[in-house]
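Residues per chain are reported as follows:
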Amino acid sequence: MSLNTAAQDVARRLRDGMARGVLSFPLTSFTDDGSLDLDAYRAYLAGQLATDPGAVFPACGTGEFSALDEDEYRQVVAAAVEVADGRIPVVAGIGYGWAQAVRFARIAEEAGADAALVLPHYLLKAPQDGLVEQVRRIAAGTGIPLIVYQRDQVAFGVESLRRIAEIPTVIGLKDGHSDLDRLQRLTLTAPDHLLFFNGAATAEIQARAYATIGVPAYSSAVHAFAPEIANAFFAALQSGDDSTVDDLLRGFYVPLVELRDRVPGYAVSLVKAAARLRGMPVGPVRAPLTDPGPQDLAELEKLLESGLALVGATR
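Cut-offs used in this document
- Residues numbered from 1 in each chain as written.
- Predicted model: local features only at pLDDT ≥ 70, side-chain atom pairs only at ≥ 80, totals over all residues.
- Heavy atoms only, no water.
- Phe/Tyr/Trp six-rings, centres within 6.5 Å; stacked < 30°, edge-to-face > 60°.
- Lys NZ or Arg CZ within 6 Å of the ring centre and 35° of its normal.
- Core = buried A, V, L, I, M, F, W, Y, C linked by side-chain atoms within 4.5 Å.
- Buried < 20%, exposed > 50% of the residue type's maximum accessible area, 1.4 Å probe, protein only.
- Axes fitted to C-alpha atoms, helices over the stretch in contact; angles between N-to-C directions.
- Helix = DSSP H or I, 4+ residues; strand = E, 2+ residues; numbered from the N terminus.
- Parallel < 35°, antiparallel > 145°, perpendicular 65-115°, else oblique.
- Left-handed = near helix turned anticlockwise from the far one by under 90°.
- Contact = heavy atoms within 4.5 Å.
- Nonpolar A, V, L, I, M, F, W, Y, C, P; charged D, E, K, R; others polar.
- Patch = residues over 30% accessible without salt bridge, like charges linked within 9 Å, V, L, I, M, F, W, Y side chains within 5 Å.
- Areas by Shrake-Rupley, 256 points an atom, 1.4 Å probe, with all protein chains shown as cover.
- Salt bridge = Lys/Arg side-chain N within 4 Å of Asp/Glu carboxyl O.
- Arc of directions from axis to C-beta.
- Pairing = 2+ DSSP bridges.

*Asks:* Account for the packing of aromatic side chains, with residues named and values stated.
*Replies:* Each pair of aromatic rings is reported with the distance of its centres and the angle of its planes. For the structure shown, the criterion picks out 10 aromatic pairs. An aromatic cluster of three or more residues is present, and its members are Phe65, Tyr73, Tyr96 and Phe104. Sitting over the face of the ring of Tyr149, Lys174 holds its NZ or CZ atom 4.4 Å from the ring centroid.

Below you can see the structure in the form of structure tokens.
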């Protein structure tokens, strides 16, 4: 079964964007008391989009999807659609069980999002038939094109991927497992229309390896606070400039990952802290995440300065 016309158009726009730049996963702006700060969010988004990403993915993991209620989610997605203004695709995060995911998908569709990223379902491990049925039920409940995210308890086998790829609105698979043997088998058996994305944590670390098996597109958390670094890395990777890639990995990305791995939740809260260090209006994280302590914050500041210096930029 082939994609429907709307899904074909979104897939084409995403494919074009993926070839041009990194995929932006913006932070969600909160005030010091934890309230949604929509004006700050719009200003932050405008800065993100000015750096020419291939697409924008609001209200996903980096955007603290799980901390948003439905009304806040609607406002965040609508603001992203407004700021993007049709220039690049807007792909909103949806998740939890299929029934709740359908509610979020409908909200995203009404707000004008081009597609939705199906985040891993809540808590439970499930057999392959259940993983496929989850996607089918979400697709049956909304017309918005879907990218399915496999990580943690969600991992599709070859036959399961074939089955979800037959759904007329499923346009892609984002991978966060970094099992390249398994992923290669999926890419080799998937239909040509299915898009693949590198969704590993700090995806640049493994971007070169993913590209060798035909998955060059990736999401960049670094773009959320240092688009200069993210774009320089992308350009070097695209041009085969291994020297620059290695310099950025050694001098910035690997130390960032080592700092990130110290505390659970730093994959988001460290990114948000780095954005604040650069004067970006994103505010604190919401519980259960916590902001970095003074020692880690000081180390992050030095690392940020070093990374920017590597690409000839300043804070």
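*Asks:* Please set out the nonpolar core residue by residue, giving values where relevant.
*Replies:* By size, the foremost hydrophobic cluster in this structure holds 77 residues, and its most contacted members are Leu14, Phe57, Tyr73, Ile94, Leu117, Ile171 and Phe196. By size, the runner-up hydrophobic cluster in this structure holds 37 residues, among which are Val222, Ala236, Leu259 and Val271.

*Asks:* So what's going on with the packing of helix H10 (residues 242-260) against helix H12 (residues 294-310)? Residues and values would help.
*Replies:* Between H10 and H12, the least distance of the axes is 10 Å, while the angle of their chain directions is 160 degrees. Relative to H12, H10 is oriented roughly antiparallel. Remark: the crossing between H10 and H12 carries left-handed chirality. Contact residues: H10 offers Asp247, Leu248, Gly251, Phe252, Pro255, Leu256 and Leu259, while H12 offers Asp296, Glu299, Leu300, Leu303, Leu304, Ser306, Gly307 and Leu310. Here the residues of the contact of H10 with H12 are counted per class, giving 9 nonpolar, 3 polar and 3 charged.

*Asks:* Please set out a nonpolar patch on the surface residue by residue, giving values where relevant.
*Replies:* There is a patch of nonpolar side chains on the surface, built from Tyr122, Leu123 and Leu124 and spanning about 380 Å² of accessible area. You can see Leu123 is positioned in the loop between strand S4 (115-118) and helix H5 (128-141). Owing to a relative accessible area of 59%, Leu123 belongs among the exposed residues under this scheme.

*Asks:* Describe helix H8 (residues 204-212), and please don't skip the residues or the numbers.
*Replies:* Listed in full, the buried residues belonging to H8 are Glu204, Ala207 and Tyr210. For H8, the angular spread of the buried residues around the axis is 85 degrees, confining them to a single face.

*Asks:* Can you tell me about the sheet that holds strand S7 (residues 195-198), naming the residues and giving the values?
*Replies:* Sheet architecture is open: 5 strands sit in the order S3-S4-S5-S6-S7, paired in parallel fashion. Each of the sheet's edge strands pairs with one partner strand only, and the pair in question is strand S3 (91-94) and S7. On average, adjacent strands in this sheet sit at an angle of 25 degrees to one another, irrespective of strand direction. Relative to strand S6 (residues 170-175), strand S5 (residues 146-150) runs parallel, the two sharing 5 bridges. Across the sheet, the residue bridging to Leu146 is Val170, located in S6. In the packing of helix H7 (residues 180-189) onto the sheet, the strands contacted are S5, S6 and S7, and the crossing angle to S7 comes to about 160 degrees.

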